[in-house]
Amino acid sequence: MIPARILILGLPPLVVALAWWAAETAKRSHERPKDAIVVMLAEKAPGLNPFMPASEAERQIMELVHQPLLRIDDDGRLQPALADVWRWSQRVTCWFADAETAVRAREKLQAEVENGNRWAEWRLISTRAEGNALLLTFSDDTASGVRDTLEAITGLNPQPVAFWRITQGRSLQDSWKHKISSGKLSQSIRRAWFDGDEACEIILTGPSQGVLDDIRSTLDSSKDGPLTMSLLGEVAALVEPVLDLDIRPGQFWHDGRPVTAEDAKATLEYLQTTDYPLPVRDMLRHVQALDVHNDGSRLQVTFRKRYGPALALLADVPVLPAAWLRSHSEVKPSDFLRDLPPGAGGHRIASHDSRSLVLLPAGTGRAMPRLLFSFAASPLMTQIGVQTGTVDLIWPAKTADRTRLPQLRSTPARQRLVVLWNTRNPVLENAHLRAALAHATDVEALIRATPGRLGHADASLFAPHLWFSSDAARVPHDLEKAWGILADEGWPQDVKGVARSADRELRFTLLAPGHDELHARTARLLAEQWRALGALVDVELAPDADALAGRLRERRFDAVLVDQRFEASWDQLPWWHSSQAEPGGTNFCGIMNPQIDLLLESLAAESDPERVPVRVRELEAQLVPLHPMLTLFTTHEEAAAVPGLPGGNPPAGWTLRSLTSPARQEPPPAIQLKLRVPE
Amino acid sequence: MNGEPPPSPPPRWLTLRLGSGCMLAVIAVLALSPQEIGGWDRSTFTSAHFWTRCGSSLIVLTIALTFSVCLALSAELLSSRLGSRSRGLLACCGRALACAPVAALAWGFVGLWIGRHGGPVETLMPVELPLAENVWQTGLARMLWEFLAPALLLAIPLTGELIHGVISDAPMTPALDLALRARGIPTAFIVWRHRLRQLLPVAGVHLRALCLIAPVYLIVVEDVLRFMGWGGWMAQSLRGSEGHPVILGLIGGGGMVVVLLGAARIVFGRALPAGGKMSGLAWQPWLLWALACMAAMPGSPPWLVIWFAVLLAGSADWHRTWLKIEKRLPLEAARVIGGSAWRIWWRHLARAQARFLVALISAALARALIWIAVACAVRPAWVEELSPPLARWLRPLAISTSHGAAAALTDPSPVLEAGGVIALASLCLIQVSRIIQPRAT
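Residues numbered from 1 in each chain as written. Chains lettered and ligands numbered in written order. Predicted model: local features only at pLDDT ≥ 70, side-chain atom pairs only at ≥ 80, totals over all residues. Heavy atoms only, no water.

To continue, consider the overall build of chain B. The number of helices and strands found in chain B is 17 helices and 0 strands. Its C-alpha atoms give chain B a radius of gyration of 23 Å, within 12% of the compact-globule value 22 Å for 441 residues. Once the C-alpha set of chain B is aligned to its principal axes, its extents read approximately 80 × 60 × 40 Å. Out of the 441 residues belonging to chain B, those deemed buried represent 55%. (Helix = DSSP H or I, 4+ residues; strand = E, 2+ residues; numbered from the N terminus. Rg over C-alpha atoms; globule rule 2.2 N^0.38 Å. Buried < 20%, exposed > 50% of the residue type's maximum accessible area, 1.4 Å probe, protein only.)

Printed below as a string of structure tokens:
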């Protein structure tokens, strides 16, 4: 009787008590650990490819794991990362009839420098004879001492350096690799560079007709198509800019191996073989050679020609270990998931699966939080995370309960919407008319009426928040002024409110991507705003990205609404130079102005980051008044955070990196080498 | 159940009958399902993962049923000193609990426990960093809470059913109280020895009847709490209308019912079996078979199946009750006097039959309402096939999307209000049935 009584009376309260204890203990155990940050994201788990992040969140996660050679900091300045020192120099190579002559040339130059005290004047750092070649290194890539140096050795008859361009109908690169690179001919060819698959440029010295004949006989066959050779020019010596990057000592991969220049070289060589749409590809096209010196601590990048933005383009390009790249001869996207490459960043990937990713601090020096990313979080899971207090950050913010996560963090703007005008269009060729359309555009109204997180964009051609950003003022919205401009240009409005010239009405087509609601809606709103001005605008939606790209390439558009991706590079030559204005080029607006061409060329050649802002303003002073482009707004994302989470909302945008930096630290100064001239 | 006649004792060879019923249900699903047998993955049938899920659900069911029967017996034994009105009120409270839709209870728990209190439900928590090592108490607590949460949630309607059933049927046991007290036996002995021994068979019958319905309630609970058990499997299978997972679920569910009934036999002893074919027909988990058949035939109006299931489930009990009512009517005397069959029917039977029919329909409506609420919670798409007024009532319980679930978590009041309306409507129908039904004694 007693056991039955105890069981019947005692079991329910016992179960309830046990459940209460278990629930309270479980609740305490789920409290957010102080050394960890939990982030819930609606997107699916990333592919962990550091070169092709599919989203802003993945990009920022990869930035925590992988380090680049250089980095753009929160102030928009270039800062050291894996590389702590960098310098430009210039290598000049002269070829002589024989090795003895080359040695005599070297001795003559050394005597001239030492006896004539020409160090400061010539800025010649070193001379070296290799076979019949004399290699000269100048400390400055703009050194004017090159001419004086070459004059000093003219008497020894250096061989002329000839640039030849070879084209063939079919794949030239494969034929070259199989027939030329592995044969004796390669010893006579000083340099070879491939411009796409069907053309290459080579450098020959001295009597080269025999070499050319051999090349022709080797490559020319009816199967591969006719071979054409053309002489581009001849110079006295080969001048090649060289960028040296010294790897900071004491850097290690997460598997314990030291970071060396070999890793950087392997990464850049790997990127040369891929087709990732990275800005650094613009730099890699100009690279002649990648070498490692100083026992693996220095990466030497030899360029074909001066390309100043190379430094900026190296920024934020992750470096991977050479050992990992070599062990995956043909790296596939799935390799990044199956066999994670170790990084050198502040965090390492401890575990990952289809729903989560855990990052742990890599080093033991500075206290950094653990990070847990939960992917594909449903609205229910997100809400549970908020209600139970087990989540710190929810991305995007629209899925978060804002009463619990009141703080909004805006990510950096990576792109903006712009309208490109076809300046060859009979209607839009008038710059004043384009200015009138700019005045008629109310960007504030667009931002209010368009879905998504949008930010204000200035009228600058360049990315914002960089040290050379100009923050050029936008054309203010002023419909009255716009009407006035139209009237002055001979486009008064008729009784129906349509602007007309003597022979036509103001009508054109606005082409926009059709697959995105943001673009389609923006295009329609723009058409409505310009209708108020008196312009009849037909909105045409391109069915897909390929169709849009084709129309741009063939210049079959009047105006086009596109995304302009922000890059750290200051090279604007592809977008505005007259050499790219024809169909097939990238100067979609068709700007052809010799003065602007010169400014673009000098900006592209500028290698001193401190002088870039001046050149940027010079260029914009000429180009922006032509109104080739109408900037609208930037797009970015927002995350919702619990109160007290470190970071904030810096002007350049918030990133996950701010969660791992408890206090703002002064970045280490970049070391710059300067030659001091003795008084 | 719920104001209907007390459940008839289980028939002989109940396990065999359940197995046969399960096979018939499987055949029915096979016949109705458009999927071909050849395309099925037979390895699922031997998958350890599925049977592990069945084991987890069995643990939850065992805890819930044990908790419920202990609480029901405690309520009856402790309230034996109270007056009949108080006991009637207690039975009414039990009935009201039993009428509450289990989906409303589950979502209400989620909304209040997680949404308002911020408490965790282990199976609903998002991904977290691993626990620090050597904290066994936390691991134990989490594991206990993972099973106790669904078990206690399931126990709410089951407890209500048992409290109502045991208190309502307790007066049918012989009243030995006075006789025992006259012999000087202490009250505690009377209650905990003699009274308990009388109540155990009653509780046993009600518990066995609950074993046929509890697994279906468990489907809703596990689906809401995302518990990795047989119920979650069945919920996904029923929504997906995939033939072979449903069949596997039926086999698993049938197996669990057999195990529970076997355990009930061990604890409560062998019940006196009822005779008759109707008894054998009634003792099947009709709601489970009905849901499986409804899921296998997409596109057809499903609610007829629920009605058949309701009528079949209560057939034996109602038949037995009518026989008792009929026995009390003076039909034999009227025949002896020489009344015609028509006159006898008009004067003695018609009224009783009419009242009985109304009572049956009311009770059946009440049960059907609760079963339809369960069906809509399991497969929300079925709400759209209801008539608009009923669909409007049940739609808050038919949560099909993550957004809907998040909304219920933030504000469970629409779900609780819908549950309250359904419970109130069922309770009223049951009361109508009780009032109108002719007395059998």
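Picking up where we left off.
Right, let's get into the environment of P361(A). Residues and elements named next belong to chain A. Inspection of the secondary structure puts P361 in strand β15 (residues 356–361). Among the residues examined, P361 registers a relative accessible area of 22% and is labelled partly exposed. Sequence spacing of P361 and L290 is 71 residues, and the spatial spacing of their C-alpha atoms is 32 Å. Contact partners of P361, with chain neighbours within four places excluded, come to G346, H347, R348, M368, P369 and R370. (Contact = heavy atoms within 4.5 Å.)

Further remarks concern the nonpolar core. Ranked by internal contacts, the top residues of the largest apolar core, which has 183 residues, are F373(A), W145(B) and W371(B). A total of 19 residues in this core trace back to one element, the largest contributor, which is helix α7 (residues 187–225) of chain B. Listed in part, the 77 residues of the second largest apolar core include L311(A), A344(A), L511(A) and V616(A). (Core = buried A, V, L, I, M, F, W, Y, C linked by side-chain atoms within 4.5 Å.)

Among the surface-exposed residues, L18(A), W20(A), W21(A), W136(B), L140(B) and M143(B) lie close enough to one another that they form a single nonpolar patch of about 660 Å² accessible area. If you trace the backbone, W136(B) turns up in helix α5 (residues 136–169). The exposure class assigned to W136(B) is exposed, which follows from its relative accessible area of 58%. (Patch = residues over 30% accessible without salt bridge, like charges linked within 9 Å, V, L, I, M, F, W, Y side chains within 5 Å. Areas by Shrake-Rupley, 256 points an atom, 1.4 Å probe, with all protein chains shown as cover. Salt bridge = Lys/Arg side-chain N within 4 Å of Asp/Glu carboxyl O.)

Now for helix α9 (residues 243–268) of chain B. Relative to the 38 Å expected for 26 residues at 1.5 Å per residue, α9(B) spans 37 Å between its end C-alpha atoms, a close match to the ideal helical length. At the exit of α9(B) stands G269(B), carrying a positive phi of roughly 85 degrees. (Expected span 1.5 Å × (residues − 1).)

Turning next to unusual backbone geometry. All names here are of chain A. Along the chain, W395 connects to P396 via a cis peptide bond; the corresponding omega equals 5 degrees. Note on placement: P396 falls in the loop between β17 (393–395) and β18 (407–410). Of note, the phi angle at L48 is positive, near 60 degrees, even though the residue is not glycine. Looking at the secondary structure, you find L48 in the loop between β1 (36–41) and α2 (56–65). Note on L48: relative accessible area 3%, which makes it buried. Within the chain, H627 stands out as a residue other than glycine whose phi angle is a positive 50 degrees.

Through backbone hydrogen bonds, the strands of a sheet pair up, either in parallel or in antiparallel fashion. All names here are of chain A. Read from one edge to the other, the open sheet built from 7 strands follows the order β14-β15-β16-β1-β17-β25-β18, with strand pairing classed as mixed. Both edges of this open sheet fall to β14 (347–352) and β18, since each of them pairs with a single strand only. The mean inter-strand angle of the sheet, taken between neighbouring strand axes irrespective of direction, is 25 degrees. (Pairing = 2+ DSSP bridges. Axes fitted to C-alpha atoms, helices over the stretch in contact; angles between N-to-C directions.)

Before going further, it helps to spend a moment on the domain arrangement of chain A. In terms of domains, chain A is made up of domain 1 (36–66 + 345–412 + 638–660), domain 2 (86–239) and domain 3 (415–635). With centres defined by C-alpha atoms, the gap from domain 1 of chain A to domain 2 of chain A works out at 51 Å. (Domains from an automatic or database assignment.)

For interface size, the figure often reported is the accessible area lost on association. Listed as interface residues are 43 residues of chain B and, on the opposing side, 41 residues of chain A. Of the roughly 3700 Å² buried between chain B and chain A, counting both surfaces, carbon and sulfur atoms make up 79%. Mapped by element, the contributors of at least two residues to the side of chain B that touches chain A are α2 (48–78), α4 (102–116), α5, α7 and α16 (402–410) of chain B. The residue makeup of the side of chain B that touches chain A, split by class, is 27 nonpolar, 11 polar and 5 charged. (Buried area = accessible area lost by both parts, 1.4 Å probe. Nonpolar A, V, L, I, M, F, W, Y, C, P; charged D, E, K, R; others polar.)

Another aspect to go through is the pattern of salt bridges. Inspection of the entire model under this criterion finds 30 salt bridges over all chains. E240(A) serves as the salt-bridge partner of R91(A), at 3.9 Å between the closest nitrogen and oxygen. Here the residue R91(A) occupies a position in strand β4 (residues 83–95), and E240(A) occupies one in strand β11 (residues 238–247), the gap between them amounting to 149 residues. The exposure classification of R91(A) matches that of E240(A), with both residues buried. Between E76(B) and R87(B) there is a salt bridge whose closest N-O contact spans 2.7 Å. Note that E76(B) is positioned in helix α2 and R87(B) in helix α3 (residues 84–99), a separation of 11 residues in sequence. The exposure classification of E76(B) matches that of R87(B), with both residues buried. The structure contains a network of salt bridges with shared partners spanning D494(A), R500(A), E505(A), R507(A) and D538(A).

Right, let's talk about the pairing of strand β6 (residues 133–138) of chain A for a bit. All names here are of chain A. Among the 6 residues in β6, 6 count as buried, and that is most of the element. Alternating positions in β6 separate into two faces, A133, L135 and T137 on one and L134, L136 and F138 on the other, with burial throughout. Where β4 and β6 come together, 6 bridges link them in antiparallel fashion. Of the residues in β6, the one forming a bridge with C94 is L134.

This brings us to the packing of aromatic side chains. Residues and elements named next belong to chain A. Tallied over the full model, the rule gives 24 aromatic pairs over all chains. On the numbers, 5.8 Å between centres and 85 degrees between planes, the contact of F462 with F468 is edge-to-face. Taking the relative accessible area as the measure of exposure, F462 reaches 1% and is therefore buried. Centroid distance W467 to F468: 4.9 Å. Interplanar angle 90 degrees. Geometry classified as edge-to-face. Judged by its relative accessible area of 11%, W467 falls in the buried class. In this structure an aromatic cluster arises from ring pairing among F462, W467, F468 and W570. (Phe/Tyr/Trp six-rings, centres within 6.5 Å; stacked < 30°, edge-to-face > 60°.)

What follows is about the packing of α4(B) against α7(B). Residue and element names in this part refer to chain B. Between α4 and α7, the least distance of the axes is 9 Å, while the angle of their chain directions is 25 degrees. With respect to α7, the axis of α4 lies roughly parallel. For α4 against α7, the interelement crossing comes out right-handed. Note on element contacts: α7 touches α4 through Y217, V220, V221, V224 and L225, opposite V102, A103, A106, W107, F109 and V110. Its residues placed into classes, the contact of α4 with α7 shows 11 nonpolar, no polar and no charged. (Parallel < 35°, antiparallel > 145°, perpendicular 65-115°, else oblique. Left-handed = near helix turned anticlockwise from the far one by under 90°.)

Let's shift gears to the packing of helix α14 (residues 341–378) of chain B against helix α17 (residues 413–436) of chain B. Residues and elements named next belong to chain B. α17 packs onto α14 with a crossing angle of 160 degrees between their chain directions and a minimal axis gap of 8 Å. Taken together, the axes of α14 and α17 are roughly antiparallel relative to one another. Considering only the axes of α14 and α17, their crossing is left-handed. In contact with R355, V358, A359, S362, A363, L365, A366, L369 and I370 of α14, α17 contributes I422, A425, S426, L429, I430, V432, S433, I435 and I436. Tallied by class, the residues present in the contact of α14 with α17 amount to 14 nonpolar, 3 polar and 1 charged.

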